[in-house]
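So you can see what is in the structure, the chains are spelled out below.
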Amino acid sequence: MRRAVCPGSFDPVTHGHLDIVARASRLFDEVIVAVGVNQSKSRLFSAEERIAMLERACAPFANVRVDGFSGLLTTYCAEHDVVAILKGLRGVSDFDYELQMAQMNASLTRVETVFVSTSPEHAFVSSSLVKEVATFGGDVSAYLPDFVHAALSERLAQRQAATGQG
């Protein structure tokens, strides 16, 4: 079985992420969407919330499952018989960073990194940009599954209420 991993923080999952997952599901027998669980990083959604959103968003793909991981991605790959790390690239700046990561990963293990270019309609979308625009009242509904947009709107409203903003 040819198993690939699509790693990320997915805070929150966007249509761009799901486009990469859908395309990966056609290239590999099994795809694991691996959610990075790094307690030292501040996230809008907890690891459990991000995993639950991804499980719902990835439900249409029979050969895709969602899992959390901490530590080195290469260790996770070795423990789960993963042959490829699949990374979406939005542009040259992504490539510069991801190439360096791919080379480091290759030096640590035999796993290959496969780069997939993002579909043009998603090339400018990132989770951090979506959060920033939404924080200032911008409409980001086109970039997220409906249930993710609802969760994002609710979380931002809670934060604004807690800080007395808005």
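The paragraphs below set out a description of the structure included in this document. (Residues numbered from 1 in each chain as written. Predicted model: local features only at pLDDT ≥ 70, side-chain atom pairs only at ≥ 80, totals over all residues. Heavy atoms only, no water.)

Okay, the overall build of the protein chain next. Regarding its fold elements, the protein chain presents six helices and five strands. Across the protein chain, helices and strands are ordered from the amino to the carboxyl terminus as β-α-β-α-β-α-β-α-β-α-α. Each principal axis of the C-alpha atoms in the protein chain carries an extent, and together these give about 50 × 35 × 35 Å. Sequence separation of 24 or more characterises 76% of the internal contacts of the protein chain that already satisfy a separation of 6 or more. In the protein chain, 15 positive and 19 negative side-chain charges are present, and the distance between their average locations comes to 2 Å. (Helix = DSSP H or I, 4+ residues; strand = E, 2+ residues; numbered from the N terminus. Contact = heavy atoms within 4.5 Å. Lys, Arg positive; Asp, Glu negative; His and termini not counted. Charge placed at Lys NZ, Arg CZ, Asp CG, Glu CD.)

Another point: the packing of aromatic side chains. Following the criterion strictly, the structure yields three aromatic pairs and no others. Ring geometry for Phe-69 against Tyr-76: centres 5.7 Å apart, planes inclined by 45°, an arrangement best described as tilted. Note on Phe-124 and Tyr-143: the rings are 5.6 Å apart at their centroids and 85° apart in plane angle, and the pair reads as edge-to-face. A residue pair is termed long-range when its members are at least 10 positions apart, and Phe-124 in the loop between strand E5 (112–117) and helix H5 (127–135) and Tyr-143 in the loop between H5 and helix H6 (146–163) qualify at 19 residues. (Phe/Tyr/Trp six-rings, centres within 6.5 Å; stacked < 30°, edge-to-face > 60°.)

Within the open sheet, the five strands sit side by side as E3-E2-E1-E4-E5. Their pairing is parallel. Taken across any chain shown, the strands that pair with only one partner, and hence form the sheet edges, are strand E3 (64–69) and E5. On average, adjacent strands in this sheet sit at an angle of 30° to one another, irrespective of strand direction. Relative to the sheet, helix H4 (residues 92–108) contacts strand E4 (84–89) and E5, its axis offset from that of E4 by approximately 170°. (Pairing = 2+ DSSP bridges. Axes fitted to C-alpha atoms, helices over the stretch in contact; angles between N-to-C directions.)

As a further point, take the pattern of salt bridges. According to the stated counting rule, one finds seven salt bridges in the structure shown. Between Arg-65 and Glu-30 there is a salt bridge, and its shortest N-O distance comes to 2.8 Å. In this pair, Arg-65 sits in strand E3 while Glu-30 sits in strand E2 (residues 30–36), placing the two residues 35 residues apart along the sequence. A relative accessible area of 32% means that Arg-65 is categorised as partly exposed. Exposure remark for Glu-30: the relative accessible area of 14% places this residue in the buried category. Asp-94 is the salt-bridge partner of Arg-90, the closest N and O atoms lying 2.9 Å from each other. One salt-bridge network, held together by shared partners, links Arg-3, Glu-30 and Arg-65. (Salt bridge = Lys/Arg side-chain N within 4 Å of Asp/Glu carboxyl O. Buried < 20%, exposed > 50% of the residue type's maximum accessible area, 1.4 Å probe, protein only.)

One broad trend across soluble globular proteins is that nonpolar side chains are buried collectively. Judged by nonpolar contacts, the single largest core of 32 residues is most densely connected at Val-13, Val-33, Leu-54, Cys-58, Val-66, Leu-86 and Leu-152. Secondary-structure elements contributing two or more residues to this core are strand E1 (3–8), helix H1 (15–27), E2, helix H2 (47–57), E3, E4, H5 and H6. In this structure Val-13 touches Leu-18, Met-53, Leu-54, Leu-144, Pro-145 and Val-148, once residues within four positions along its chain are discounted. Grouped together as the second largest cluster of nonpolar side chains are ten residues, Ile-32, Ala-34, Val-82 and Ile-85 included. (Core = buried A, V, L, I, M, F, W, Y, C linked by side-chain atoms within 4.5 Å.)

Once that is clear, we can look at a nonpolar patch on the surface. A cluster of nonpolar side chains, contributed by Leu-72, Met-104 and Leu-108, occupies part of the molecular surface with about 310 Å² of accessible area. Locating Leu-72 in the fold gives a position in the loop between E3 and helix H3 (73–79). (Patch = residues over 30% accessible without salt bridge, like charges linked within 9 Å, V, L, I, M, F, W, Y side chains within 5 Å. Areas by Shrake-Rupley, 256 points an atom, 1.4 Å probe, with all protein chains shown as cover.)

Here the focus is H2. Within H2, the full set of buried residues consists of Ala-47, Arg-50, Ile-51, Met-53, Leu-54 and Ala-57. With its buried residues spanning 165° around the axis, H2 presents them on a single face. The exposed residues of H2 that point more than 90 degrees off its buried face are Glu-48 and Arg-56. In this structure, the buried side of H2 is in contact with H1, E2, E3 and H6. (Arc of directions from axis to C-beta.)

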